[in-house]
Amino acid sequence: MSNLRCFVEDTDQLELALSYGVDEPVLCHPLFDARTQQAPCSLQSLSPLIRILQAHERPICLNVDIQYHQHQHELLTQLGTLINEQPIDTLRIQDLGLLHAIHQQYPHLSLCYCPDTSQQNYMSIQALEQTAKRHFLNNELALSDIQRILDHCQGDFELQIFGPILIQYSYRRFYADLSDHPKQTPHCYDAEDKDHPNRFYRMIDNHHGHLMMAHFHRNLLPYLSQLMPLHLRSYIVESRGESTTYLDQALNLVTDCLAQFKSDPNHYQFDRARLDPVQQLAKRPFKAGFFRANLTDQDRPQVTQLTDDTLTYLGQIIHIDKGSWMSIELETHCEVGDQILIATPEDRRIQFPLSALKDLDGTPINKSHGHEIIQMPWKKGVSTMSRVYRQDPPR
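Predicted model, so just to flag it, every value in this text is computed and none were measured.

K.L.:
Would you mind showing me how to read the overall build of the chain here?
P.N.:
Looking only at helices and strands, one finds 11 helices and 22 strands in the chain. Compactness check: the chain gives a C-alpha radius of gyration of 23 Å against a globular reference of 21 Å for 395 residues, within 12% of the reference. Expressed as lengths along the three principal axes of its C-alpha atoms, the size of the chain is roughly 70 × 50 × 45 Å. Considering the chain as a whole, with its 395 residues, one finds that 49% of them fall into the buried category. With the model as given, the accessible surface of the chain reaches about 19100 Å², and the carbon-plus-sulfur share is 47%. Side-chain charges of the chain comprise 35 positive and 49 negative groups, with the mean position of each set lying 4 Å from the other.

K.L.:
Which parts of the structure should I look at to understand empty space enclosed by the protein?
P.N.:
Gaps left between atoms show up when a probe the size of a water molecule is rolled over them. In the structure shown here, the tally under the stated rule is 1 cavity of 30 Å³ or more. When its volume is computed, the largest cavity comes out at roughly 70 Å³. Lining of the largest cavity is provided by 13 residues; of these, Phe7, Arg35, Arg92, Asp116 and Arg240 occupy positions nearest its centre.

K.L.:
Help me understand the packing of helix 1 (residues 11-19) against helix 9 (residues 244-263), please; the structure alone is not making it clear to me.
P.N.:
Between two packed helices, both the angle of their axes relative to each other and the distance between the axes serve to describe the pair. Where helix 1 contacts helix 9, the axes come no closer than 10 Å and their chain directions differ by 5°. Classified by the interaxial angle, the pair formed by helix 1 and helix 9 is roughly parallel. Every residue of helix 9 that contacts helix 1 at Gln13, Leu16 and Ala17 is listed here: Thr244, Leu247, Asp248 and Leu251. Tallied by class, the residues present in the contact of helix 1 with helix 9 amount to 4 nonpolar, 2 polar and 1 charged.

K.L.:
How do you make sense of helix 1 when you look at a structure like this?
P.N.:
Since the α-helix turns once every 3.6 residues, residues separated by three or four places project in the same direction. Of all the positions in helix 1, only Gln13, Leu14, Leu16, Ala17 and Leu18 are classed as buried. Considering only its buried residues, helix 1 is in contact with strand 1 (3-8), strand 2 (24-27), helix 2 (47-55) and helix 9. Structurally, the start of helix 1 carries an N-cap: the backbone nitrogen of aspartate 12 is 3.2 Å from a side-chain oxygen of aspartate 10. Phi for glycine 21, located one or two positions after helix 1, is positive at around 80°.

K.L.:
Teacher, can you tell me more about the environment of aspartate 23 here?
P.N.:
In this structure, aspartate 23 sits in the loop between helix 1 and strand 2. Separated by 211 residues in sequence, aspartate 23 and serine 234 place their C-alpha atoms 9.1 Å apart. Setting aside its immediate chain neighbours within four residues, aspartate 23 contacts Asn3, Leu4, Arg58 and Pro59.

K.L.:
In this structure, what is going on with the sheet that holds strand 21 (residues 372-377)? I would like to understand it.
P.N.:
By way of backbone hydrogen bonds, the strands of a sheet pair with one another, either parallel or antiparallel. An order of 17-16-22-13-14-21-18-19 is seen for the 8 strands of this open sheet, with the pairing classed as antiparallel. Among the strands making up the open sheet, the edge pair consists of strand 17 (349-353) and strand 19 (364-365). Bridging between strand 14 (residues 325-330) and strand 21 involves 6 bridges; their strand directions are antiparallel. Opposite isoleucine 328, over in strand 21, you have isoleucine 374 as the bridge partner.

K.L.:
What is the right way to read the packing of aromatic side chains from this model?
P.N.:
Scanning all chains against the criterion turns up 3 aromatic pairs. Consider the rings of phenylalanine 261 and tyrosine 268, whose centres lie 5.6 Å apart with planes at 80°: the pair is edge-to-face. Of the two residues examined, phenylalanine 261 and tyrosine 268, each falls in the buried class. The cationic tip of arginine 240 hangs over the ring face of phenylalanine 7; the distance from NZ or CZ to the ring centre is 3.8 Å. Arginine 387 extends its terminal NZ or CZ atom over the ring of tyrosine 313, reaching a point 4.2 Å from the ring centre.

The rules we used
Residues numbered from 1 in each chain as written. Predicted model: local features only at pLDDT ≥ 70, side-chain atom pairs only at ≥ 80, totals over all residues. Heavy atoms only, no water. Helix = DSSP H or I, 4+ residues; strand = E, 2+ residues; numbered from the N terminus. Rg over C-alpha atoms; globule rule 2.2 N^0.38 Å. Buried < 20%, exposed > 50% of the residue type's maximum accessible area, 1.4 Å probe, protein only. Areas by Shrake-Rupley, 256 points an atom, 1.4 Å probe, with all protein chains shown as cover. Lys, Arg positive; Asp, Glu negative; His and termini not counted. Charge placed at Lys NZ, Arg CZ, Asp CG, Glu CD. 1 Å grid on protein atoms, 1.4 Å probe; cavity = no way out; pocket = protein on both sides within 12 Å on 5 of 7 lines; lining within 4 Å. Points joined across faces, edges and corners; volume = space filled by probe spheres on them. Axes fitted to C-alpha atoms, helices over the stretch in contact; angles between N-to-C directions. Parallel < 35°, antiparallel > 145°, perpendicular 65-115°, else oblique. Contact = heavy atoms within 4.5 Å. Nonpolar A, V, L, I, M, F, W, Y, C, P; charged D, E, K, R; others polar. Polar contact = N/O pair within 3.5 Å; in protein donor to acceptor, adjacent residues only side chain to side chain. Pairing = 2+ DSSP bridges. Phe/Tyr/Trp six-rings, centres within 6.5 Å; stacked < 30°, edge-to-face > 60°. Lys NZ or Arg CZ within 6 Å of the ring centre and 35° of its normal.

Structure, rendered in structure tokens:
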């Protein structure tokens, strides 16, 4: 059974979330949450929120955006103290180094890996199966990518269903370094894209660095008939960087739509007029983003599956460094010397003997047993999403 999550920064937001039946409110503290609009304060401010969650028999989940790095040693020490003193059940972590360190030091904790802005696929998730039992499926994944992850991976998965999207983060503070604004006071402002008038990007500048949000907010409510059959563990309402009123309107809309779908999934339709109250607060359009289809998927025809008995499907081209190497999500064995055939979305057929192989780190290899990302020499005419085959001798 899927549950609903949202982020809360204070008791007002927590009480609001509980009033809407949110199953797992995620606690955000200015010391650890990169999207905060609050100045740093004592960890004691978490105590009343934890007591409220305990009273409602909800798990204690904390969002942690800091990095496992020497410049954040003091914050890491405070995080360790908090884990030792408070009944934390789950940590949501963005940094891989911190994820592994916490898993080694506190193996009893449930960890959720949350790569907001980095690449993600089923192989990267498989590599973390012993460390993180929960994974946030980032907002760059199309529905087809999510389905592939679910087909290949075990664990609990969560997806943002509504709200603003983070697209860039830097430890450097661009705004504070160029203005007289006090560095200890977070600042939020909108920047217009001069090439696209009336397209505004929300910027957050605080003690964690500088963050840039997309010019639109995510809304997957029109696509519940595609989303719900995935049976994900959690659906997330995002509101960080926005007001408590925004959170109220978002939760009202999301919970109503989920209840409507549950009561009659065959006749569910999203009424876009219902977006008006929250859209007036956001002052931005609401879109599905990459969930429906990555632009690559949308603009290019699907590659025809070749069925020749002499062909063995190896995998798909996922990245091309023109004139150098191309990366393949390999599904089965291949080795140097194999005769390769590539079928492109443009219906080209490119044949060549495989002269070299490298692993993802760039180390030369002679063969691969599959289920990893490998690199082979670039060939003119190949494009991403091309299908790669090995040509075997006739039987």
